[in-house]
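Spelled out from the first residue to the last, the chains are:
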Amino acid sequence: MPPRSLEIGPAGMQAARAIEILRAERGLSQRQLADHVTALGHPMSNTMLSRIERAQRRCDVDDLVAIAEALHVPAPALLLGRPAV
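Residues numbered from 1 in each chain as written. Predicted model: local features only at pLDDT ≥ 70, side-chain atom pairs only at ≥ 80, totals over all residues. Heavy atoms only, no water.

1. A look at the overall build of the protein chain
How we decide: A run of DSSP states H or I qualifies as a helix once it reaches four residues; a run of E qualifies as a strand once it reaches two. Both are numbered from the N-terminal end. Partly exposed residues are those whose accessible area sits between 20% and 50% of the maximum for their type, while under 20% is buried and over 50% is exposed, using a 1.4 Å probe and protein chains only. In what follows, a contact means two residues having at least one pair of non-hydrogen atoms within 4.5 Å. Surface accessibility in these figures is a Shrake-Rupley result with a 1.4 Å probe; residues are shielded only by whichever protein chains are displayed.
Within the protein chain one finds 5 helices and 0 strands. Counting all 85 residues of the protein chain, 36% fall into the buried class. Considering only residue pairs separated by 6 or more positions, the protein chain has 59% of its internal contacts joining residues 24 or more positions apart. Put simply, the protein chain shows about 5200 Å² of open surface, and 56% of that area lies on carbon and sulfur atoms.

If you want it as structure tokens, here you go:
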């Protein structure tokens, strides 16, 4: 079985950008947001979050839901672009 492609598609790129924008608008560092996500029961390091924001790591559905919850936005909004804050 060939290895799975790590290429990030358009939805992943959109989510990465939306996460970065919302985090910055809320005045949170990557470490602070990662800590919020971890506190919600989904362990995440600031390195993981940094790689997601830079589209160097795939953001799976569990990551997306936990990050959205920590940012107080619905998860689908991250996939559709920058949600209203």
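Moving on from the coordinates now.
2. What about the layout of surface pockets?
Basically, it comes down to this: Buried and open spaces are told apart on a 1 Å grid over the protein atoms alone, a cavity being a set of points where a 1.4 Å probe fits but cannot get out and a pocket being an open set with protein on both sides within 12 Å along at least five of seven lines. Residues with an atom within 4 Å of a point are the lining residues. Grid points are joined across faces, edges and corners, and a volume is the space filled by probe spheres set on the points. Each residue is assigned to one of three groups, with Ala, Val, Leu, Ile, Met, Phe, Trp, Tyr, Cys and Pro labelled nonpolar, Asp, Glu, Lys and Arg labelled charged, and all others, Gly among them, labelled polar.
Estimates place the volume of the largest pocket at around 160 Å³. Contributing to the lining of the largest pocket are Ile 8, Gly 9, Ala 11, Gly 12, Ala 15, Arg 58, Cys 59, Leu 64 and Leu 79. Ranked by the residues each element gives to the lining of the largest pocket, the list is headed by helix H1 (residues 10-25), at 3 residues. Residues that form the lining of the largest pocket fall into these classes: 6 nonpolar, 2 polar and 1 charged.

3. Here's the deal with helix H3 (residues 46-53)
Stated precisely, the cut-off is as follows: This arc corresponds to the set of directions leading from the helix axis out to the C-beta atoms.
Among all positions of H3, only Leu 49, Ser 50, Ile 52 and Glu 53 are buried. Viewed along the axis of H3, the buried residues span an arc of 160°, placing them on a single side of the element. As for H3, its buried residues are in contact with H1, helix H2 (30-39) and helix H4 (61-71). Looking at the residues trailing H3, positive phi occurs at Ala 55, about 55°.

4. Overview of the packing of H2 against H3
The condition is simple: Between N-to-C directions, angles span 0 to 180 degrees; the directions come from axes that are lines fitted to C-alpha atoms, helices contributing only their stretch in contact. Convention used here: angles under 35 degrees read as roughly parallel, angles over 145 as roughly antiparallel, angles from 65 to 115 as roughly perpendicular, and any remaining angle as oblique.
Taken N-terminus to C-terminus, the directions of H2 and H3 make an angle of 110°; their axes are 8 Å apart at the nearest point. Classified by the angle their axes make, H2 and H3 are roughly perpendicular. Counted together, Gln 30, Arg 31, Leu 33 and Ala 34 of H2 and Asn 46, Leu 49, Ser 50 and Glu 53 of H3 form the full contact between these two elements. The residue makeup of the contact of H2 with H3, split by class, is 3 nonpolar, 3 polar and 2 charged.

5. Things to note about the side chain of Arg 23
With respect to the helices and strands, the residue Arg 23 is situated in helix H1. Contact partners of Arg 23, with chain neighbours within four places excluded, come to Leu 28, Ser 29, Gln 30, Leu 33, Leu 49, Glu 53 and Leu 71.

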